[in-house]
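Residues per chain, in single letters:
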Amino acid sequence: MQKEVVDSMAMKRALTRITYEIIEQNKGIRDVALVGIKTRGVYIAQRIAERLQQLEAATIPVGELDITAFRDDQPLNIAMAPVDYQLDFEVAGKRVILVDDVLFTGRTIRAALDALMGGGRPQSISLAVLVDRGHRELPIRADFIGKNIPTALQERIKVSVTEVDGHDGIEIIN
Amino acid sequence: MNNQISKVLIIGAGHNDIGREGQHDAAVTQIGSAIRKLGIAVILVDNNPFSVAAENNFADKVYIEPLTVGSLTKIIQTEQPDGLIPSLGGIQAVNLIQGLIRNNVLKNNQLQLLQWDAEMIDLVVNPALMSNQLKDLSQPVIASQVVANQAEADQVVHSVGFPVIVKSVAPRIEASRQLCEDEEDFQRALAQGFKLSATKQCIVEQSIVGYKEIEFVGVRDHKGTALLVAGMENFDPVGIHSADSIIFAPTQTITDQEYQQFRSATLKIMQALHIVGACHVQFALDPTTQSYYVIKVTPYFDRAMALAARSTGYPLATIVANLLANLSLAEIKLPAAYRKQTALIEPVLDHIVCRIPIWPFNVLKKVSHQLDTVMESTGSVIGIGRSTEEALLKGLRATDESRYHVIANQPQRYSEGELIQRLIHPQAGRMLVLLEALNRGYQIDELAELTKIDAFYFYKLSHIIAIEKALRDHPFDVHALGRAKYFGFTDEDAAAAWQSTPEKVAHFAIENEIQATFKEVEPTAGEFTEQTNTYYSTYEFDNESTKLPDRRAVVIGTGANRIGTNHANDYLVSQLLFYLKKADYQTILINANPNSVAMTPQLAVKRYIEPKQVSDILNILAIEKPAIIFTTYHDYRLGQQLTKLGYQVSQINNGLPREQIKTNDSPAVEVITDGSEVSIFGISEIIAGNNLRPGVHGSVSVFPIQDKAENQAIDALSTEIKQRVLTFGVPGLYTVRLTIVDEELHLATIEPMSLATMALISKASGSSVTRLLLHVKLGEPLEKVMYDYPDLAKLKTIFVQANTFPYNQLQVYDEDEVTGEPGHATGTVIAHGETLKEALTALNAGNESTDF
Amino acid sequence: MADRYLILEDGSAYLGEGFGSPAVSTGEIVFNTSMTGYQEIITNQIYHNQIVAFTQPTIGSYGINHDSYESILPTVKGVVVRDVASISTNRQRRWSLDQYLKQQNIPGISHIDTRHLAKQLRASGPMKASIVDVADAHAFDQLGATVLTNRQVAAVATPKPYPNPDTGLNVIVIDFGLKHGILRELSKRSCNVTVLPYTATTEEIINLDPDGVVLSTGPGKPQDLPESVLTMIQKIQNRIPLFAIGLGHELFAMANGAQIMKLSPEHHGANHPIREVITNQIVYASQGQGYAVNPETIDRNKLITTFVDLIDGTIQGLRYRDFPAFSVQFFPDGAPGPTETRDIFDEFVESMQQARGPVW
C-alpha cells in the first residue's frame, strides 16, 4: 500500500520554509555551505541553494557526500575502506548544513558527520531533512525539518524528486 | 527540450470542413511568421488550395503534398527539420504524428516533438486514455467505457442507463459524439462509430445533457508558468454540440467560486500534461450543485482558442509561437503596440462577445435542423458590445439573417404544442422560438426549466422585446431611439418599427447626437494602453477610433462562413489585404468571423469586428473616410448601395463557378485583362469526379492542360478570345469557356474566374493571381502588373483540385440533395503530379474516405 | 429607472441610471478589473468609504449568494457599472443585486461608460466622487467640501473580541476590517480562531497563548492608525509566528521601519503576474491596494522581499529575516480571484507547527 502524504506543492512549500529558517538561524548566509547526502539529499540541497540564491543573490557552495562507506551498519571491510575527501570546497570555517531526505535512526547522519569532520573543522554543522519519521537510535536531531511524519517501524518513507523519479512527493509504503 | 531549434515542420489542417474553418490556417499564418522572426525556419505541408499561410512567404518552404504518413516521411527525410509542431493541424495532424512515431520517423531523423510529451499524442487520439489520465489528476470525468462489440456496449447501457453518448475511438476523420436516447439511436451510433474507428472501437458514456457548458482556454510555458486566457459560457446546455451553441465571453452566469474552480482545473491539467502552448478545456457544470465534469481537453488549435484570442485581444498565436521556441511567458517580446509584460497579464474584458453559429440549412434543405451532439454548423460570427443585449443583437445581425430572425415582432404560426416541442427539442435558429415564447407570456422560470438555459438570458431577451416595443410605441422619439441603439439596435430596426426608412432614421439620430462610438478590443479592460487596432462599435460617451493617416482602403470581409466554398472568399479577402498593404494602402478590415484568416493581425492595419448591415458599415466609413472600398461577391448589393452613396467601391465578383459540371467538359482559357490588354495564363479543364475514384459527387479541376493539339487550337483562337474579353470590359480575371462543335473549338461563355481557379493557378504558379487582380482593379496597366509573373507555359507539373462535401457529416443521403455542386462544398483539396494520373493519385492519397 | 449622475472632483459628470438605494453618497472612486466576484468585492471592507466602478460590463447576473459575503454589512459608498442585470430568479439567489443594495442603503449607478471612467482614473488617480440626482454647482460644491474620514478601520473593525472555535492551532486574528476569506481559510485548516479588535495590546494577545497571529486586511491609509499598533507588532513578531495581509502587510512593513507610499492609480483586480522571489514562480492573486511599501525604505538587514508585482513593480510580500513573520499585500484567500496563493495559509500553519515542535 502506498499513500501520498506530501504532494509536490507541499514539498515545494516545505523546501521554501526550510530555506527561510536557514536564513533565520544563521542570521543570513555568510559562510553557509550545503552538503547533500546521496542520492536525494543532493537534489534537495541544490533546491535549497537555488532558493537561497534567488533571495540573497549570492552563490552558495553545494557539496555531495556518499556515505555508504561510513555506515556503521555496513560490513567491517567496507566501513574500514580508505576515505577520500569528497567535497570540492573547504569545510574549515564554514557553517555546514547537512541535507538529507529522511531522518530515521540517525546512523546515516552520524556517518556523514564522520566524513565531514575528516575534511577539516567547520564553524558549525547543522542538519536539514525533508522528513523526520522518528525512531532514532542515536542522539541526533534535525535543525530544519520539512515535515514530521510519525511512522510505524515497519513502514517505509519514499521521497520522490523530479530529477530522479520524474515527480515530487512523499509517500508512506507498508 | 532542446534550445537549439533551427527548423520546424508544421503539418497544416488540410481542406476546410465543418468544424475546420480558417482558424488553423490563421494560426499557422501568425505562428509561422512569429517563429520566423525568432530566426527559425518554417516548413509547411498542406493540401488546402485556400491556405493563406501557404502563400506570401509566411513559411520558408511550402509543400503542397498529400497529408499522409508516407509523404510527410519523405519531406522529413529531405528537409531534416529539428522540431515538429503538433498543434496546428487539428486532430488529423495528431493522427499523422502518431503514425510517424510508430514508424520511428521522428527517432530516425532526430526530429523532436515540440509542445507535448510523446504520450500526449495517444491521449489526444484516444479519449479513454485521456479520461483515465484526468481521473489520476482527481478531475471528475463522466462514466465512460471503451467497447469493441455490441455485447460490451449493452453492458455499459445496462449499468448507466439511457441516455448515453457514443464516440468513435481514433476516428479517421473528425467525428462527433452521438447522443442516444433509446436502443434504436444506440444501434445506429455504434454501427457508425465502429466503422469510423481505426481500432474498431467505440466509447459509450453517461450523458450529462442539460448541464451548463463552460469552456476555458489557458496557456503554459516550459517553465510551468500558466495563465487563463478566457473563460466562456455556452448559452445552450450540454447536449447541443458546443460548436453549434451560442457562446458568450466572458462567462455570464457563473459565480467566482465556480469560475476559479474551472480556472484551477484548467491550469492543473495543463501542468500535469506538461503542455507548452495553449489548451482548451470543456466542462459541464451541474447548475444546482456546483459539481462539474471535465468533458474534453483539446491541446491543439481549435475554434475556442480562436474565439478566446479574438474576444480578448490577447495575442495568443504570437505568444504560442514564442513558447514553442522555448521562450517563457516572461521572456516574450511582443510587438511594440503591446505593453512589455502583456503575455503575462491574464486578459480581462470590458466588453461582451456573443458567438452565433451559422447553418447550412438554407442550402441543404433536407437536413434535420434538430440540434444535438452532432455538429452541423459551418461557421460562426461574433457580436461585440458593452451589454449582453448589444452583443447578442450584433451577433445575430452578423449572421446576415433577416431581422425577423432577430426580433420576434411577428406572430408566429406554431401551435402551443409545437412551440413547447421546439423549446424542449431545439432546432437551428432557436432564438426566434425563445422570443416567441416570451411574447406569448411564458414565464422565465418555466422557460429556463424547459430549455435548461439560464434564466439570466431570458431577462435579457425580455429586455430586448421591451426595448423594441418602446421603439414601436414612440415613433421618432429621441429617448426610445437612444435606448434602442444603446442596446444594439440599428437604423434599419428603427425604420422597420417606425415604418420609415433607414436614411430618415439616420438623419434623425445625427440631429439628436445619437452617434456610434468605437472601443478597442484589448486585454486589460482599460487599465493599460494597448494598441490592438481592433475595434467594435457601441453607443457611449467616448470614441477611441480615429481615422488612419494617408491613403485608406476598406475591405469588407466575408463574415459568416457559409456552405459553398465561402472560405475561398476569406482567402481572397486575406490576399487583398496583404497586397493592398504592399501597395502602401492603410488597410481596414470589416469582419465578424472569429475563425477568419483575414482577422490575422498581420494582414490588415486595423480591424472592425462589426456586422455588415448598411448602417453598421456607414458608421465605420464616417470615421475612416476611405479612398477605396473593396467588396467581394457576397456583398454585391452592399457595394452597389455604397456606390450610390458616393463611395469609391471596387466590386470583386469572382465567386463560385457558374454551373455544375458532371461530365468531362471542354477546356477553358484562363485570362486577365486590364480593360485594354488581355493576357492568357493557360488552359484548364474540368473532369468528372469518377476519374478520381468511384463515388465522388463533385468534379475535378485540372490546370494547366498540356495537350499540344488543344494548345495549338487555342493559340489560333487567341485573337478572338482577347476581343471577346475586351468587349466584356471591366478589368479582372476571367474564364473563357470553349465548346466543341464538329470537333472544333469555339468560344462559348465568359465568366469571372472562380475563386477555386484563382487558388489553383496561384498554387500552380507559386505566385498569387489575387495580386494581379488587385492591381488591374486599381487601374494599373497589364504590362506593369504581369512583368514578373511566372511563365506558366514552362510548368511541367499538372495540378488538380476537388471540392469536399459535408454530406456524411450532416447525414444527407437523399439522391436529390447529394449533387456535388460547388454551392454545397465546405472545402477543397489540391494535389499535383507529373501526369494527370499521378496528380489524381496524390489527390486521393490520405483522402480515401473524404467526402469528395 | 431614474436618471442619476456620477460626478467627480475634477468637475466631470456622467449621466446614468440609478439602482439600489436612491441615497446621495460620496466617496473615493476606484475601478476594479476583476471578471467575477462582484458580491465579494462589494462586501470587502477595504472599500469602506469608496465607490467601486466595475470594468466588467454586466454586474449582478447571478444575484447575491449565501457563501460569497466578505463581511456581514458592506460599507462601500456606491457601485458604478455599465449594466446591472435585473434578475429576480436564479439558481442560488437570495436577493438580486438591486434589492441587496437597497437593503444596505448603497446607491448604484448603471449605463456609465466605465471604460472611459477607468481610463480617466488611470490618468488622474483616485478622486472624490458622488452619486447624485442633479449634477449642478451645488452638488459639485458639496462634493468639494466633503472631507472623507480617515477613521475607516475604527468604523469597520470589530469593537469586541469574538471566537471561531475549532480544535486545531490557536490563532489570533487582529481585525482591521477583515475579509471573511481569511477566516474561511483558517477554518479549513481547523484553526481555533479568536478575532481581536485592532486595539488589542501585546499583553492581551500573549495572554491568549496563541500559536500564531494574523494581521488582517482593512481599509484606508496605514499611517492613520495609532502608533500602538506598530509597537504591538514589534513586540509579538519575534515571539509568535505572524502572518500579515493587505493593510496588515503595510503595518508590518511600517513596524520594521519601511515607509508606505500612495499608489496612483490604485490597483484593484486579479490579473497581474506576481513573482514569488524564492522559487521564481509566477502566481496570480486578488489585489486591492491604494498604498504600497516603498521599496527604497526597506531595511534589508531586517526584511526580505518575497513577492513582487511584475507589472507595476510593487512589493507584494515581505518576510522578517530572523523569525517566522511574513506578509503579503495581495489577498491570498482569493474571494474573488485566483486560488493558487491559498497555500500561503498552509505555510503559516506549518510555521506554527514548526514553532511548536514535533507532536511526539
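Worth saying up front: this structure is predicted, and the values here are computed from it rather than measured.

### Digging into the packing of helix 18 (residues 478–486) of chain B against helix 20 (residues 502–511) of chain B
All names here are of chain B.
In step 1: Taken N-terminus to C-terminus, the directions of helix 18 and helix 20 make an angle of 100°; their axes are 11 Å apart at the nearest point. The angle between helix 18 and helix 20 places the two elements in the roughly perpendicular class. Between helix 18, through Val 478, Leu 481 and Lys 485, and helix 20, the contact on the second element is made entirely by Val 505, Phe 508 and Ala 509.

### Topic: the nonpolar core
The tendency in soluble globular proteins is for nonpolar side chains to be buried side by side.
All names here are of chain B.
In step 1: Residues Val 219, Leu 316, Leu 329 and Phe 681 are the most contacted members of the largest nonpolar core, which totals 108 residues.
In step 2: In terms of residues, this core owes the most to one element, helix 21 (residues 566–582), which gives 9 residues.
In step 3: Among all residues touching Val 219, those that are not within four sequence positions of it are Thr 225, Ala 226, Leu 227, Val 229, Met 270, Gly 277, Ala 278, Tyr 314, Leu 316, Val 320, Leu 323 and Leu 329.

### Describing the interface of chain A and chain C
In step 1: Each partner contributes residues to the interface: chain A has 23 residues there, and chain C has 23 residues.
In step 2: At the junction of chain A with chain C, the criterion picks out 6 salt bridges.
In step 3: Viewed at the interface, chain C and chain A are joined by 6 residue pairs in polar contact (both at pLDDT 80 or more).
In step 4: Mapped by element, the contributors of at least two residues to the side of chain A that touches chain C are helix 1 (8–26), helix 2 (40–56) and strand 6 (144–148) of chain A.
In step 5: A per-class count over the side of chain A that touches chain C returns 7 nonpolar, 6 polar and 10 charged.

### Concerning the pairing of strand 18 (residues 287–293) of chain C
Residue and element names in this part refer to chain C.
In step 1: The element strand 18 is extensively covered by neighbouring structure, given that 7 of its 7 residues are classed as buried.
In step 2: Here strand 15 (residues 260–269) pairs with strand 18 via 6 bridges, running antiparallel. Across the sheet, Ile 260 pairs through a bridge with Val 293, a residue of strand 18.

### Observations regarding unusual backbone geometry
In step 1: In the segment running from Lys 38 of chain A into Thr 39 of chain A, the intervening peptide bond is cis, with an omega of 0°.
In step 2: Its place among the elements puts Thr 39 of chain A in the loop between strand 2 (32–37) and helix 2.
In step 3: Cis peptide bonds are those with omega within 30 degrees of zero, and the linkage from Phe 162 of chain B to Pro 163 of chain B qualifies with -5°.
In step 4: Within the secondary structure, Pro 163 of chain B is located in the loop between helix 7 (150–160) and strand 7 (164–168).
In step 5: Within the chain, Gln 110 of chain B stands out as a residue other than glycine whose phi angle is a positive 45°.
In step 6: Mapped onto the fold, Gln 110 of chain B is located in the loop between helix 4 (105–108) and strand 5 (112–113).
In step 7: Overall, Gln 110 of chain B belongs to the exposed group, its relative accessible area being 62%.
In step 8: One non-glycine residue, Ser 190 of chain C, adopts positive backbone phi at about 60°.

Each value, and the rule that gives it
- Numbering of residues starts from 1 in every chain and runs along the sequence as written.
- To label them, take the chains in the order written and letter them from A, then take the ligands in the order written and number them from 1.
- Reporting of local features is limited, given that this is a predicted model, to residues whose pLDDT is at least 70; pairs of side-chain atoms are given and counted only at 80 or more, and all residues count toward the totals for whole chains, interfaces and linings.
- Side-chain measures here rest on the full set of heavy atoms in the structure, leaving out hydrogens and waters.
- Angles run from 0 to 180 degrees between N-to-C directions of axes, and those axes are lines fitted to C-alpha atoms, restricted for helices to the stretch in contact.
- Here a strand is any run of E in DSSP of at least two residues, a helix any run of H or I of at least four, and the numbering for each starts at the N terminus.
- Convention used here: angles under 35 degrees read as roughly parallel, angles over 145 as roughly antiparallel, angles from 65 to 115 as roughly perpendicular, and any remaining angle as oblique.
- Contact criterion: two residues are considered in contact whenever any of their non-hydrogen atoms come within 4.5 Å of each other.
- Here, nonpolar core means buried Ala, Val, Leu, Ile, Met, Phe, Trp, Tyr and Cys residues that are tied together by side-chain atoms lying within 4.5 Å of each other.
- Think of it in three bands: with a 1.4 Å probe and only protein chains considered, a residue is buried below 20% of the maximum accessible area for its type, exposed above 50%, and partly exposed in between.
- Here, a salt bridge means any side-chain nitrogen of Lys or Arg that lies within 4 Å of a carboxyl oxygen of Asp or Glu.
- In protein, a polar contact means a hydrogen-donor-capable atom and an acceptor-capable atom, both N or O and within 3.5 Å, with residues adjacent in sequence counting only if both atoms are side-chain atoms; elsewhere, any N or O pair within 3.5 Å suffices.
- The classification used treats Ala, Val, Leu, Ile, Met, Phe, Trp, Tyr, Cys and Pro as nonpolar, Asp, Glu, Lys and Arg as charged, and all other residues, Gly among them, as polar.
- Any two strands between which DSSP finds at least two bridges are classified as paired.

That is the geometry; function is a separate question.
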